[in-house]
Each structure stands twice: as structure tokens, then as C-alpha cells.
Amino acid sequence: MAETPLISVITCTYNAVTTLSRTLNSVASQSYACLEHVIIDGCSNDGTFSLIQRYVEQEHPYPIRVVREPDDGLYDAMNKGVRQCAGDYVVFLNAGDTFHEDKTLDAVVSCMDWGKGDFRSTAVCYGETDIVDEKGRFLRHRRLRTPQRLTWKSFQQGMLVCHQSFYVRRDIAASVCYDMQYRFSADVDWCIRVLKIVERRHLQVVNVQRTLTDYLSAGMTTQHHMASLRERWQVMRKHYGLFTTIVMHVWFLLRAVYLR
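A brief look at the structure comes next. Computed from a predicted model, the values in this text were never measured in an experiment. (Residues numbered from 1 in each chain as written. Predicted model: local features only at pLDDT ≥ 70, side-chain atom pairs only at ≥ 80, totals over all residues. Heavy atoms only, no water.)

Some words on the packing of aromatic side chains
So, step 1. All chains considered together, the criterion is met by six aromatic pairs.
So, step 2. Taking the centre distance of 6.3 Å and the plane angle of 85° together, the rings of Phe 92 and Trp 190 count as edge-to-face. Of this pair, Phe 92 sits in strand β4 (residues 89–92) while Trp 190 sits in helix α6 (residues 186–200), and the two are 98 residues apart along the sequence. For the residue pair Phe 92 and Trp 190, the accessibility class agrees, reading buried in each case. (Phe/Tyr/Trp six-rings, centres within 6.5 Å; stacked < 30°, edge-to-face > 60°. Helix = DSSP H or I, 4+ residues; strand = E, 2+ residues; numbered from the N terminus. Buried < 20%, exposed > 50% of the residue type's maximum accessible area, 1.4 Å probe, protein only.)

Concerning a nonpolar patch on the surface
So, step 1. Together, Leu 242, Ile 246 and Val 250 make up an exposed nonpolar region whose accessible area comes to about 230 Å².
So, step 2. The topology assignment puts Val 250 in helix α9 (residues 242–259). (Patch = residues over 30% accessible without salt bridge, like charges linked within 9 Å, V, L, I, M, F, W, Y side chains within 5 Å. Areas by Shrake-Rupley, 256 points an atom, 1.4 Å probe, with all protein chains shown as cover. Salt bridge = Lys/Arg side-chain N within 4 Å of Asp/Glu carboxyl O.)

Some remarks on helix α3 (residues 74–84)
So, step 1. The element α3 is extensively covered by neighbouring structure, given that eight of its 11 residues are classed as buried.
So, step 2. Residues of α3 that are buried: Tyr 75, Asp 76, Ala 77, Met 78, Asn 79, Lys 80, Gly 81 and Val 82.

Details of helix α8 (residues 225–240)
So, step 1. Here α8 is 16 residues long and its end C-alpha atoms lie 22 Å apart, about the 22 Å a rise of 1.5 Å per residue gives.
So, step 2. The complete set of buried residues in α8 reads Ala 227, Ser 228, Glu 231, Val 235, Met 236, His 239 and Tyr 240.
So, step 3. Within two residues after α8, Gly 241 carries a phi angle of roughly 90°, on the positive side. (Expected span 1.5 Å × (residues − 1).)

So, the layout of surface pockets
So, step 1. Roughly 190 Å³ of internal volume is contained in the second largest pocket.
So, step 2. Tyr 126, Gln 148, Arg 149, Leu 150, Thr 151, Trp 152, Leu 195, Val 198, Glu 199, His 202, Leu 203 and Val 205 are the residues that line the second largest pocket.
So, step 3. The biggest single contributor to the lining of the second largest pocket is α6, with three residues.
So, step 4. Taken together, the residues of the lining of the second largest pocket sort by class into seven nonpolar, three polar and two charged. (1 Å grid on protein atoms, 1.4 Å probe; cavity = no way out; pocket = protein on both sides within 12 Å on 5 of 7 lines; lining within 4 Å. Points joined across faces, edges and corners; volume = space filled by probe spheres on them. Nonpolar A, V, L, I, M, F, W, Y, C, P; charged D, E, K, R; others polar.)

Quick look at the side chain of Thr 211
So, step 1. Within the secondary structure layout, Thr 211 lies in strand β9 (residues 204–216).
So, step 2. Using a relative accessible area of 17% as the deciding quantity, one classes Thr 211 as buried.
So, step 3. Sequence-distant contacts of Thr 211, defined by excluding residues within four places in its chain, comprise His 100, Glu 128, Thr 129 and Asp 130. (Contact = heavy atoms within 4.5 Å.)

Digging into the pairing of strand β3 (residues 64–68)
So, step 1. Relative to β3, strand β2 (residues 35–41) runs parallel, the two being bridged by five bridges. Of the residues in β3, the one forming a bridge with Ile 40 is Val 67.
So, step 2. Traced from β2 through helix α2 (residues 48–57) to β3, the parallel crossover comes out right-handed. (Pairing = 2+ DSSP bridges. Right-handed = clockwise from strand over helix to strand, strands pointing away.)

Comments concerning the packing of helix α1 (residues 20–28) against α2
So, step 1. With their axes 11 Å apart at the nearest point, α1 and α2 run at an angle of 20° to one another. When the interaxial angle is binned, α1 and α2 end up roughly parallel. In the crossing of α1 with α2, the sense of the turn from one axis to the other is right-handed. Mapping the contact onto sequence places Leu 20, Ser 21, Leu 24, Val 27 and Ala 28 in α1 and Thr 48, Leu 51, Ile 52 and Tyr 55 in α2. (Axes fitted to C-alpha atoms, helices over the stretch in contact; angles between N-to-C directions. Parallel < 35°, antiparallel > 145°, perpendicular 65-115°, else oblique. Left-handed = near helix turned anticlockwise from the far one by under 90°.)

As for the pattern of salt bridges
So, step 1. Per the stated rule, a full pass over the model turns up 11 salt bridges.
So, step 2. Taking the shortest distance from any N to any O, the salt bridge between Arg 169 and Asp 171 comes out at 2.9 Å.
So, step 3. The shortest N-O distance in the salt bridge between Asp 189 and Lys 238 comes to 2.7 Å. One end of the pair, Asp 189, is in helix α6; the other, Lys 238, is in helix α8, with 49 residues separating them in the sequence.
So, step 4. For Lys 238, a relative accessible area of 43% puts it in the partly exposed group.
So, step 5. Within this structure, Arg 169, Asp 171 and Arg 201 form a network of salt bridges that share partners.

In C-alpha cells form, the structure reads like this:
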């Protein structure tokens, strides 16, 4: 087993020429060298692929794997990304998103219990997220803060951990495909199912205790907010039951009224 884990950074793109450069530069700026970059492009026609090609042609200390083919939406592309990975852990950093700082991957790996057997090894690492605009300028901290202890039941309270700040062991990620019945909230369902596996196997979940990602505010879920909320209702009902889902949505409504 390697002394340091290989981190697979997965970037899914489609017509993202205006935002992708920041993501590519962020990966290239990481001080942690034991990574690979997997890029899944859904046949962009706006210059995105030319940008990817220029990035690949540059000299990098890590391998880059590019897949360019039509897909059935973001979550289909993300499933493809996991299948293409060779890393020990995976994290998604889509077009417009960036690591919070150049030493983010170093910080994540430093918190991992790595190479000590299945029972003791870290299955999931997670942290905070900041919201930025299309130029990467800070807008605000994410309103929902991460819990000190994260389990699959934590998501009853909402999406407490941003998907881009959620690092998962690849063997577990590969066993849990994104459910294609969801167009906007499959990431919520995926995180819950990952954490259910982690709980059954008594594996470690570690809070890195720092901001890991700068998340682009104009992401797909933001653009389709109402459809995303309807899907999240379905996800919560599936995992937590109707009664709990109703109670929690009443709480969400009260929280929105009193905290705005």
C-alpha cells in the first residue's frame, strides 16, 4: 500500500468555457502531488474542449484523463467519472468550483487514517464550503454548517455538507452509483447511501475542520431551485419516512422565516 493516498479529482463539464479555467488552475496549483485529474466533457461546443486540450498539453506532475462523449446529464457524467478513476479517494470539483487554497488536499490527507486496514481507515472526509461568484470573489459562507459528527441521519436537517467538500474512498464511491431518476438532487441521495455503507462497516468519518471548497453560486442546483427542492423531498421521504420528512420541512420553513 502506498505511503500517501492517490486522490482522484473529477471534473464534469459541458459548455463551461467561461468558468472552467479557474477549476483547472486550482487543481494545477495544489501542493499535494499524489493526485490524478479525471475530466468528463459532454461534447461541449463552446470552446471548452479546446481549453481542456491546452490544459492537458501543459506539463503537470500528475496524470490527466479526459473522456469526451455525450451523456445523460450531470449525474451520468459523474458516474462515468468514478468508473474512470484509479485513486484511493474521489472528490468532485466541477467547472467553476475551486479548492479553497493551494494546500487543501494536503490538509485533507493529513486528517486521514490511511493504510491501517479496512476497519481503521478513513472512509469519508468533509469540511466547510464558501460561496463565490463567477469571478471567484467571495460572497458568503455556506449557510448550513457542517456537524462535528456526520452520519447518514444528519441529512434530515438538509444538505449539511456540500458535495464538493465530501471526499469518499473510491471502493465505496464505486459501489454507489448516482440514481438517474433524480436530475438535480442525486448528490444528496448519493451522500446518504455512502454514509449508510460507512455506518454498516464501522468506518471512520472525519471532519477536516476547515473550509475546503469555493463553490460557484450559479451551479445547476441553484439554477433549478424549485425542482431541486421537490426532489429533495422525495429523497428524504425515501430514507427517513413521510412523518420525519414533514416535520423537518416545517422546521425548514420556520428556520427560513426567522433566520432571513
